[in-house]
Amino acid sequence: MTPTFTLADGTPLPAVGLGTVKAHGEDMTATVGSALDAGYRLIDTALRYETEGGVGDAVRASSVSRDDILVTTKIPGRHHGYDEAKESVRLSLANLGLEQIDLLLIHWPLPKVDKYVDTWRSMIDMQKDGLVKSIGVSNFTEAHLDRIAQETGVLPVVNQVELHPYFPQADLRAYHAEHGIVTESWSPLGRGSELLKLAPIADAAAAHDVSAGQVVLRWHHQLGAVPLPKSSNPDRQRQNLDIFGFELTDAEVSAISSLERGRIWDQDPDTYEEF
Ligand SMILES: NC(=O)c1ccc[n+]([C@@H]2O[C@H](COP(=O)([O-])OP(=O)(O)OC[C@H]3O[C@@H](n4cnc5c(N)ncnc54)[C@H](OP(=O)(O)O)[C@@H]3O)[C@@H](O)[C@H]2O)c1
Ligand SMILES: O=C(O)C(=O)[C@@H](O)[C@H](O)[C@H](O)CO
């Protein structure tokens, strides 16, 4: 069984989840189905990915109990606002074919649009109404988190952010730890890029007789973050979940963190917009 973190609202969150940004032509129902068979219990989708249908089909078809699976989805920029957020959830529930969203996130803060506080208020109310179990955010900076805390008194239980060895996010992780927010890592493998061939990662893989991908995902775990690797390959899915049988040394963790050079895709949440 995959270990869990406990969210501030008491919900257990599996320590690794499956990303579902779709490769061209990919059958997401098959991808999520094999992941559930491999033991994944946290599935990360978004209205914007157009993968909610495949995720929902796989969850409903699986022999794994619905209660044991945590489905995350996200409100896109086009649905920011109090009423618009409710419409977003209505669409996501219909796409997923599920009764409740387990974890709902604001996908991007879009500070220039300036509706993320209203969106957050709507999510607080939807949680009270039982449409949504846990509420969190994605791509929020410390300033965005401070603002929703000040204006609503409610902090998110999760902040899902870009995090990989090129961008370890030490300051934001420290803020999260101080405020009881769990960090989720998106693009945790740097999208399977040349990153996986770099010396500190390759050396640790050889030392522990595991793959470079397993080393990077274990590095996330030892930083206290929950990685969401995407793979449609059943062997890599199993490998990406199998990171709890070895431990990196402090020196290996530091060497991997020292690869820091910044965001891969230049998506600064203060300015980046997608709808
Ligand atoms: N909140 C946000 O704004 C945001 C932004 C981006 C992503 N996300 C979420 O985070 C998830 C993961 O991020 P991502 O999809 O960008 O990138 P990623 O998980 O870092 O990398 C996925 C790529 O790496 C390959 N791969 C998977 N496991 C591997 C391994 N062990 N060794 C080598 N290559 C491996 C995959 O190919 P195969 O499929 O062939 O294995 C795929 O091409 C997304 O799917 C999405 O759910 C959220
Ligand atoms: O996949 C998501 O959740 C996004 O928000 C996207 O915008 C990615 O950040 C983008 O594809 C990375 O290049």
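Residues numbered from 1 in each chain as written. Chains lettered and ligands numbered in written order. Predicted model: local features only at pLDDT ≥ 70, side-chain atom pairs only at ≥ 80, totals over all residues. Heavy atoms only, no water.

Per an unreviewed UniProt entry, the protein chain goes by 2,5-diketo-D-gluconic acid reductase and derives from Rhodococcoides kyotonense. Among the UniProt annotations of the protein chain, the heading Sequence similarities (unreviewed entry) holds the following wording: "Belongs to the aldo/keto reductase family." (UniProt positions renumbered as here; feature names shortened; annotations may be inferred.)

> Sorry if this is basic, but what is going on with the overall build of the protein chain here?
When helices and strands are tallied, the protein chain shows 10 helices and 10 strands. Against the globule reference of 19 Å for 275 residues, the protein chain gives a C-alpha radius of gyration of 18 Å, in line with a compact fold. Its C-alpha atoms give the protein chain principal-axis dimensions of roughly 55 × 40 × 35 Å. Counting over 275 residues, the protein chain shows a buried share of 54%. In the protein chain, the proportion of contacts linking residues at least 24 apart, taken out of those at least 6 apart, comes to 74%. Carbon and sulfur atoms make up 47% of the accessible area of the protein chain, which totals about 11,600 Å². Positive and negative side-chain charges of the protein chain, numbering 24 and 40 respectively, have mean locations separated by a distance of 4 Å. (Helix = DSSP H or I, 4+ residues; strand = E, 2+ residues; numbered from the N terminus. Rg over C-alpha atoms; globule rule 2.2 N^0.38 Å. Buried < 20%, exposed > 50% of the residue type's maximum accessible area, 1.4 Å probe, protein only. Contact = heavy atoms within 4.5 Å. Areas by Shrake-Rupley, 256 points an atom, 1.4 Å probe, with all protein chains shown as cover. Lys, Arg positive; Asp, Glu negative; His and termini not counted. Charge placed at Lys NZ, Arg CZ, Asp CG, Glu CD.)

> Sorry, what's going on with a negative patch on the surface here?
A surface patch of negative charge is lined by E142, D146, D171, E178 and E260. When residues of the negative patch are traced back to their parent elements, those giving at least two are α5 (142-152) and α6 (170-179). (Patch = residues over 30% accessible without salt bridge, like charges linked within 9 Å, V, L, I, M, F, W, Y side chains within 5 Å. Salt bridge = Lys/Arg side-chain N within 4 Å of Asp/Glu carboxyl O.)

> How should I be thinking about the pattern of salt bridges in this particular structure?
Side chains that differ in sign of charge can pair as their charged atoms come close. Within the structure shown, the criterion is met by 12 salt bridges. The salt bridge involving R147 is made with E151; its shortest N-O contact spans 2.8 Å. Remark: E151 and R147 occur in helix α5; sequence separation between them is four residues, near one turn of the helix. What makes R147 partly exposed here is its relative accessible area of 26%. Looking at E151, the relative accessible area reads 39%, which means it is partly exposed. Connected through shared salt-bridge partners, D114, R147 and E151 make up one network.

> Just to check I follow, could you spell out helix α10 (residues 250-257) for this structure?
Since the α-helix packs 3.6 residues into each turn, any two residues three or four apart lie on the same face. When we look at burial in α10, the residues that qualify are E252, V253, I256 and S257. Buried positions in α10, seen along its axis, are confined to an arc of 135 degrees and lie on one side of it. Across α10 from its buried face, at more than 90 degrees, point the exposed residues D250 and A251. Among the structural elements, α7 (199-208) and α8 (212-223) are those in contact with the buried residues of α10. (Arc of directions from axis to C-beta.)

> For this particular structure, what's the right way to read the sheet that holds strand β9 (residues 182-186)?
Read from one edge of the open sheet, eight strands run β3-β4-β5-β6-β7-β8-β9-β10, paired in parallel fashion. Sheet topology places β3 (18-19) and β10 (226-227) at the edges, where each strand pairs with a single neighbour. Judged from the three bridges that link them, strand β4 (residues 42-44) and strand β5 (residues 70-75) form a sheet pairing that is parallel. Each residue of the ladder has a partner; that of D44, found in β5, is T72. (Pairing = 2+ DSSP bridges.)

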